[in-house]
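Here are the chains, one letter per residue:
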Amino acid sequence: MDIKKDWCFSDTLEPLFYHIHADKKVSWAYIAEMKEIIMMDEETADLLVTQGKVVEESENIPELIIGSLSKALGNDPSETFTLVGEKSKEPKEPEVEPNVNVIKIPETYRAELCNTSISPEVLIRKLNIAIKKEDKPNCISILFEGAPGTGKTMAAAHIAAGMGKSLVSYRISDLQNKYIGESEKAITKAFDDAEKKGYVLHMDEIDSISRSRGDDSKGYEIKSVNTLLQCLDRFKGVFIATTNYKDDLDAAIKRRFLLKQEFKNCTTEQADALSLLFFKRKAPKGLPNGVFAPADFKIVKDSFLFEENSTINRKFILERLTSEAKDRNNKDLINIKKAGFAHE
C-alpha cells in the first residue's frame, strides 16, 4: 500500500492510516469505537487491497458503496446512512441492550452423561486450580465443539455453577447489529460486563462471528473478528465458547483457546442411562454408539405433553427418538429398524 494515499474499508468507509513505531517500522491500523487502535500488518493490508476490501478513497466512493450496501440490506440509502453535511431523514434507532440468556440447569441434567474426554466435573476442578495460579494468562478460554444437542451449553452452565459463579450467555445473534460498528460495541460490552461482575462468559455459535477471514469476507466481518481477538487478549476471566462447526473458525480465534473439548453423541451405556432417567426403561437393543444425544431424550419426553398416556409405548418412544436423532445427525441411522426396547 502507498502511504501517501488515503485508504478505507470498501463496505463501511472506515479510514485506515499508517502508524510509525519507535523503531521506524510502519504498520497499518484503524480506530475501533473511536477509542482503540487495532494494528494490521502490511501483508494483511496488501491482501485486503488485492481482494477489494480496502480501496483508495475518491469523491464517488461514498455514494457507490452506500447505495450497494443499502440495496443488499434492503434499505433506502437516505433512511439508513448520513452523508457528510446532510441530515438523515430518519433518526437512528436507539441502542438496545443485547439480550442475556439465563441458562437454567434442569433437574434431569447429569454431567456424567456428556460424552467428552474430560467430564464437566473434572473441568471444574481444573479451572478452580487454574484461576488460583499467579502466572495464569488473562483469559482462561475453553472451546466446546460437537454436534447440536450433545450438552455443550449445559456443561458450560454446570461448570460455572460448580465454580460458584454465574454464567452470562450470549448467542452471536444477540450481538449482531445492522448498523456499522454496533456489533463491535456489543461484543466489547459483553466482555467488559462479564469481567466487571466476575461472571463466566459464554458465547454460543461462535463460528458465526469468527469464520475464517477468506476471500468472501466483508470489512465489517473482519473488524468483528479483530474485536473478538482484542477482547480475548485482555479479558480477565473464564470464557467458554460453543460451536457445531469448529472447522469454520478463524485460525487466530482457534489459537486463543487453551483447551478444546469435543462433545460426541452418547455411548450405548449413556443412552441406556438417559432412557432410564427420562422414560424409566432401558435404551433400544442393538443401537450402536454415537447415535443419540441428551437433547433427543428431553425433546421426546417433552413431546409426551400432547399424547394420550395409552399411546406412549416402546414403539412410540423408539420412533420419536429415531426421528429426532436422524434430524439432528442429518443422516440415516445404522440398523435403526432392527432396534427395540429391552425388557424392563
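Residues numbered from 1 in each chain as written. Predicted model: local features only at pLDDT ≥ 70, side-chain atom pairs only at ≥ 80, totals over all residues. Heavy atoms only, no water.

K.L.:
Help me understand the side chain of Thr227, please; the structure alone is not making it clear to me.
P.N.:
Here Thr227 lies in helix α8 (residues 219-234). A relative accessible area of 5% means that Thr227 is categorised as buried. In contact with Thr227, other than residues within four places in its own chain, are Glu184, Ile187 and Thr188. (Helix = DSSP H or I, 4+ residues; strand = E, 2+ residues; numbered from the N terminus. Buried < 20%, exposed > 50% of the residue type's maximum accessible area, 1.4 Å probe, protein only. Contact = heavy atoms within 4.5 Å.)

K.L.:
Before we go on, may I ask you to explain the environment of Ala155 in this structure?
P.N.:
The topology assignment puts Ala155 in helix α5 (residues 152-162). Counting along the chain gives eleven residues from Ala155 to Phe144, while the straight-line C-alpha distance between them is 9.0 Å.

K.L.:
Would you mind showing me how to read the environment of Glu262 here?
P.N.:
One can find Glu262 in strand β10 (residues 259-263). With 146 residues separating them along the chain, Glu262 and Thr116 place their C-alpha atoms 6.0 Å apart. Setting aside chain neighbours within four positions, we find Glu262 in contact with Asn115, Thr116 and Glu145.

K.L.:
Any chance you could explain the side chain of His202 here in plain terms?
P.N.:
Inspection of the secondary structure puts His202 in strand β8 (residues 200-204). Reaching out from His202, the side chain makes a polar contact with the side chain of Thr242 at a distance of 3.0 Å. His202 has contacts with Thr153, Ala156, Leu167, Val168, Ser169, Tyr170, Ile240 and Thr242, leaving out every residue within four places of it along the chain. (Polar contact = N/O pair within 3.5 Å; in protein donor to acceptor, adjacent residues only side chain to side chain.)

K.L.:
Sorry if this is basic, but what is going on with the pattern of salt bridges here?
P.N.:
Side-chain pairs of opposite charge can arise where the charged atoms are in close proximity. In this structure the tally under the stated criterion is seven salt bridges. In this structure, the salt-bridge partner of Glu182 is Lys185, at a minimum N-O distance of 3.5 Å. Of this pair, Glu182 and Lys185 are both found in helix α7 (residues 182-197), three residues apart, which corresponds to roughly one turn of the helix. As a salt-bridge pair, Arg320 and Glu307 come within 2.9 Å of each other at their nearest N and O atoms. Of this pair, Arg320 sits in helix α12 (residues 314-329) while Glu307 is found in the loop between α11 (294-303) and α12, placing the two residues 13 residues apart along the sequence. (Salt bridge = Lys/Arg side-chain N within 4 Å of Asp/Glu carboxyl O.)

K.L.:
When you look at the sheet that holds β10 in this model, what are you seeing that I'm missing?
P.N.:
The strands that make up a sheet pair up through hydrogen bonds in the backbone, lying either parallel or antiparallel. Pairing is parallel in the open sheet, where five strands are placed in the order β7-β8-β9-β6-β10. Looking along the sheet, the strands with just one partner apiece sit at the ends: β7 (167-171) and β10. In this sheet, adjacent strand axes meet at a mean angle of 20 degrees when their direction is disregarded. The pairing of strand β6 (residues 139-146) with β10 spans five bridges and is classified as parallel. Residue pairing for β10: Phe144 is matched across the bridge by Gln261. Most of the contacts of helix α4 (residues 120-130) go to β6, to which it runs at about 160 degrees, and overall it touches β6, β9 (237-243) and β10. (Pairing = 2+ DSSP bridges. Axes fitted to C-alpha atoms, helices over the stretch in contact; angles between N-to-C directions.)

K.L.:
Help me understand the packing of aromatic side chains in this model?
P.N.:
We describe a pair of aromatic rings using the distance from one ring centre to the other and the angle between the two ring planes. Enumeration over the complete set of coordinates arrives at ten aromatic pairs. Pairing Phe144 with Phe263 gives two aromatic rings, centres 4.8 Å apart and planes at 55 degrees, and the pair type is tilted. Of this pair, Phe144 sits in strand β6 while Phe263 is found in strand β10, placing the two residues 119 residues apart along the sequence. Each member of the pair, Phe144 as well as Phe263, is classed as buried. On the numbers, 5.7 Å between centres and 40 degrees between planes, the contact of Phe279 with Phe304 is tilted. Of this pair, Phe279 sits in helix α10 (residues 268-279) while Phe304 sits in the loop between α11 and α12; the two residues are 25 residues apart in sequence, bridging distant segments of the chain. With a relative accessible area of 7%, Phe279 lands in the buried category. Within the aromatic cluster, the residues linked to one another by ring pairs are Phe278, Phe279, Phe292, Phe297, Phe304 and Phe316. (Phe/Tyr/Trp six-rings, centres within 6.5 Å; stacked < 30°, edge-to-face > 60°.)

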